[in-house]
Structure formats: structure tokens, C-alpha cells
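# Structural features, examined
Take a look at the letters that make up each chain.
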Amino acid sequence: MTHDYKQFKRRIIITGGAGFIGSHTVRHFVKKYPDYLIINFDKLTYAGNLENLRDIENYPNYVFVKGDVADEDIVRETMEKYHVDSIIHLAAESHVDRSIFNPMEFVRTNVVGTVTLLNVARHLWEKWDDIENPLFYHISTDEVYGSLGKEGKFTEKTPYDPRSPYSASKASSDHFVRAYHHTYGMPVLITNCSNNYGPYQFPEKLIPLVALHFAEEKPVPVYGTGENVRDWLYVEDHAKAIDTVFHKGKIGETYNIGAENEWRNIDIVHKIGQLVDQFLGRPQGYYEKFITFVKDRPGHDFRYALDTTKIRTELGWKPEMPFEQGLRKTIEWYLTNKEWLDRVRSGEYMKYYQQQYAERLK
Ligand code: NAD
Ligand code: DAU
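To start, this report covers the structure provided alongside it. Note that the structure is predicted; figures quoted are calculated from it, not measured.

### Comments concerning the site of ligand 2
Surrounding ligand 2, one finds 23 residues, the nearest of these being Thr141, Asp142, Tyr166, Arg297 and His300. Between an oxygen atom of ligand 2 and a side-chain N or O atom of histidine 300, the distance comes to 2.7 Å. Summarising the interface, the protein chains cover 94% of the accessible area of ligand 2, which totals 690 Å² for the free molecule. Taken together, the elements giving at least two residues each to the shell around ligand 2 come down to α6 (206-215) and β8 (220-223). It is β8 that contributes the most residues to the shell around ligand 2, 3 residues altogether.

Here is the structure:
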């Protein structure tokens, strides 16, 4: 499908739109804003799955571009082709365990990729005089603030103290985004979000991995003693927060996004076990024998917790999904969407792009 960009009120690149949070964000914007052109720009790494977006792939305001955020030429070409006025930047290497084994990929995508986008956007937006409200909106994480003890919360003013290669790369990208604002007057926004859960998350992350292992009667690996704490937010609530910040955020500002819903890993693992047993009609407590304490993640951050007063009071956003309901829905999704899961596990999902876009590849 060809798109005349002039028909659209806004032309927005969403990077990483084939990933977990990216696909929910793309779907949210495509459905809610038919007068915005949404350009999903994604390299399709192992974490990118276009099957996450089957339901909206033929919408007239949706385009997919396969590209690497660290490739200046394709970034420029895409921005010029669609006269892009905003970027919502989610593309990243996102898994802490992988960053411990392969930090360079995190530097390349998360740091070099972010600076490449900033650079190309800055030069084009300085040149184009018909763009009214350009915006570079960078999606970041609570992990940049470091690790908390049992008490306290991170605010937007907490000094950065990243401790894993993943969080160091995200912190570095946040610094570059702010530097472009202060040095060149680039219109930017940053949000730092807590742990997301929901459908379409790659099953290497805690919640899908645990649910599937319980269901399949495999050992459920709990790192260390399982006492580490995370704050869990339903992914569609994150997509709605991104919409709110995109439209109402004050340029140059940072907002924390979270559910203020803290759980120790071991408690969430028990909760998931109970829900899986209920769903599969097993006797109460059947799941317990699969819980297996394993060697801790090196440098494992103990606790993250966000103070989200700023986004709630200044922008009026708050999470809508009750945790119990969101978790149940997520687990049921993983246990019933067998085709999606089989294709992810077998690697078949990687071929979807070739099948869907075969014409363009000739
Ligand atoms: P994900 O790993 O599920 O998806 C990442 C996407 O980025 C994939 O589609 C992948 O193909 C794409 N990508 C990777 N490298 C690329 C490159 N060089 N060029 C273009 N595309 C590339 O990630 P996610 O969990 O959806 O996280 C999205 C963003 O949100 C990340 O920036 C992450 O740091 C941030 N974040 C995630 C969470 C969470 O709980 N998952 C919480 C807070 C913030
Ligand atoms: O806090 C936001 C971050 O949340 C995001 O920035 C990251 O992109 C995202 O991956 C997530 O990072 P975590 O490391 O917190 O998520 P993960 O699902 O990998 O692990 C959650 C917790 O569970 C963590 O304390 C490690 C633990 N864990 C994880 C796995 C995969 C286990 O105990 N066993 C496991 O098998």
C-alpha cells in the first residue's frame, strides 16, 4: 500500500513496534488515531514479531519498515519518505540476562541507535520549516535509577545509578536524549517505566516463562532466594500512558510510569502457579513441586519502585487494569494462544516478514 503522507495530520515513527510494548503501542495509536500515519520501524531481531500485529496490518494508517535504528541511511530515507514529525523510540535490546552475556549488542542498539535517530531527526527538523510540533519521545526504564533496599521509591529527580549492561546502555541513551535537548533545543520527552506484563511478551521474561513452565510441568527457575521486588504494570496501561505523555507531556520533562504494584518474585511465582492450576483444573498446590531455586543473576538488582505522582497529578494518567485480573488474563492468553507460542518457539515467526512482504523483496 502506498501512502500520501500529506493526508495525515501527524506522521509518527514508532521504533521497536514489532516487540512486546511496541506492538501494543502501535495497535493503540493505529486504532485510536486514524488521522495519524503510524510507521512501525523495526529491525526484527529475535524479539520482533510481526505476527503480534496481524489484526491491524492492513489498516490504511499503518506502515511497516524493516530497518535498524543504528543505520543512518534507512532512518533518513524513512523520515524523508513520510515527512516524519515525531518519533516514539522503543527499539532496544531489552533483556537483562542477555546483556550480561553480550553487552556490545546493547551498546550498538540502545546507545548508538538512539544517537543515530536523534542526529538524523535533528538535522531534518532543522531543515523542514513546515513541521509544527516535532517530538522525540524516548521510552526508558526504572532500572536506570539503580537498586533500592526495602524502603523508598525512585522519583524523576533520583540520580542515575545503573548496574547492569542493559541499564547502563539505557541510562546512556537517556543522557544523550537530554543532551540533545539542552545543546540543540531538540524537543524531547522521556518516560521511565516499571516492569510490564501482558500478551505478546517474549517468553524469556519472568511472567510468561513461569506460566509456561508450570503448565508444561518443567522446573520453574527462581533466581537466588526469590526476594527481589518488581513493580508490575499491565502493558496496555503503558500504551495509554505513552499516548497521554505524547499529547500532554511538557517538552524536556521526564515522567515515571508505574502501577505502584510491588511483588516479591517468589510471591508472584506462587500466584502464577495457583492461576495455572486453576486454569488446568489441577488439584490445589500441584504447581509447588516445580519451583526450583537457581543461581542468582550476577549483580541482580534487589528492588525497583517508582513514585508516579508526577504523571498522575500533572497529566491525569493512572493505571486501569487491576493486577489480579491482568495476571489472569495474561496467563490464559499464554495457555490458549498455542499457535503464536509454537511459532515463536520453533522460530517460524521469523519467516512472517518474508511471507507478508515478499512482493517488496523481489
Ligand atoms: P522487546 O525486546 O520485546 O522488543 C524490542 C523491539 O525492538 C523488537 O521488536 C526488536 O526487533 C526491535 N529492535 C531491537 N534492536 C533494534 C534495532 N537495532 N533497530 C530497530 N529495531 C530493533 O522490548 P520491550 O520489552 O517491548 O521494550 C520496549 C522498550 O521499553 C525498550 O526500550 C525497553 O528498554 C523499554 N522498557 C521495557 C520494559 C519491560 O518491562 N519490558 C519496562 C520499561 C521500559
Ligand atoms: O524494570 C523494567 C525492566 O523490566 C525493563 O527495563 C526490562 O526491559 C525488562 O526485561 C524487565 O527487566 P527485569 O530483569 O526486571 O525482568 P525479568 O522478567 O527478566 O525478571 C524479573 C525478575 O524475575 C528479576 O528479578 C529476575 C527474576 N527472574 C527472571 C527470570 C527470567 C527469575 O527469578 N527467574 C527467571 O527465569
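What follows picks up the thread again.
### Considering the environment of arginine 345
Relative to the helices and strands, arginine 345 resides in helix α11 (residues 338-346). The contacts of arginine 345, once residues within four sequence positions are left out, are Leu212, Glu216 and Lys218. Looking at arginine 345, its side chain comes within polar contact range of the side chain of glutamate 216, at 2.7 Å.

### So, the site of ligand 1
Around ligand 1, the surrounding shell holds 28 residues, and the nearest of these are Ile21, Asp42, Ser94, Tyr166 and Lys170. Between ligand 1 and lysine 170 there is a distance of 2.7 Å, counted from an oxygen atom to a side-chain nitrogen or oxygen. For ligand 1, whose unbound accessible area comes to 840 Å², protein coverage reaches 96%. At the level of elements, α1 (20-32), β5 (135-141), α5 (165-184) and β7 (195-197) are the ones that each hand at least two residues to the shell around ligand 1. Per-element tally for the shell around ligand 1: the top contributor is β5, with 3 residues. Looking at side-chain class alone, the shell around ligand 1 contains 12 nonpolar, 12 polar and 4 charged residues.

### Side note on the side chain of lysine 170
Within the secondary structure, lysine 170 is located in helix α5. It turns out lysine 170 is buried and unbridged, and the closest side chain with the opposite charge, aspartate 174, is 5.7 Å from it. Discounting chain neighbours no more than four positions away, the residues touching lysine 170 are Ala92, Asn110, His138, Ile139, Ser140, Thr141 and Val144.

### What about the sheet that holds strand β3 (residues 62-66)?
Taken in spatial order, the 7 strands line up as β3-β2-β1-β4-β5-β6-β10 in an open sheet, and their pairing is parallel. Each of the sheet's edge strands pairs with one partner strand only, and the pair in question is β3 and β10 (254-257). Strand-to-strand twist in this sheet, taken as the mean axis angle between neighbours without regard to direction, amounts to 20°. Judged from the 5 bridges that link them, strand β2 (residues 36-42) and β3 form a sheet pairing that is parallel.

### Focus: the nonpolar core
Counting residues in hydrophobic clusters, the biggest one holds 36 residues, and the most contacted among them are Phe29, Leu50, Ile88 and Tyr137. Among the elements that make up this core, the one with the highest residue count is helix α7 (residues 235-248) (4 residues). Not counting the four nearest positions on each side in its chain, tyrosine 137 is found in contact with Ile87, Ile88, His89, Leu189, Ile190, Thr191, Ala241, Ile242, Val245, Phe246 and Ile257. Membership of the second largest hydrophobic core comes to 30 residues, among which are Ile39, Met79, Ala91 and Ile190.

### Here we look at the packing of helix α8 (residues 265-280) against helix α10 (residues 323-336)
The geometry of α8 relative to α10 is characterised by a closest axis approach of 10 Å and an angle of 55° between their N-to-C directions. In terms of axis orientation, α8 runs oblique to α10. The chirality of how α8 crosses α10 is right-handed. Facing α8, whose interface residues are Ile268, Lys271, Ile272, Leu275, Val276, Gln278 and Phe279, α10 presents Phe323, Glu324, Leu327, Arg328, Ile331, Glu332, Leu335 and Thr336. In terms of residue class, the contact of α8 with α10 is built from 9 nonpolar, 2 polar and 4 charged.

How each quantity is defined
Residues numbered from 1 in each chain as written. Chains lettered and ligands numbered in written order. Predicted model: local features only at pLDDT ≥ 70, side-chain atom pairs only at ≥ 80, totals over all residues. Heavy atoms only, no water. Near = heavy atom within 4 Å. Polar contact = N/O pair within 3.5 Å; in protein donor to acceptor, adjacent residues only side chain to side chain. Areas by Shrake-Rupley, 256 points an atom, 1.4 Å probe, with all protein chains shown as cover. Helix = DSSP H or I, 4+ residues; strand = E, 2+ residues; numbered from the N terminus. Contact = heavy atoms within 4.5 Å. Nonpolar A, V, L, I, M, F, W, Y, C, P; charged D, E, K, R; others polar. Buried < 20%, exposed > 50% of the residue type's maximum accessible area, 1.4 Å probe, protein only. Lys, Arg positive; Asp, Glu negative; His and termini not counted. Salt bridge = Lys/Arg side-chain N within 4 Å of Asp/Glu carboxyl O. Pairing = 2+ DSSP bridges. Axes fitted to C-alpha atoms, helices over the stretch in contact; angles between N-to-C directions. Core = buried A, V, L, I, M, F, W, Y, C linked by side-chain atoms within 4.5 Å. Parallel < 35°, antiparallel > 145°, perpendicular 65-115°, else oblique. Left-handed = near helix turned anticlockwise from the far one by under 90°.

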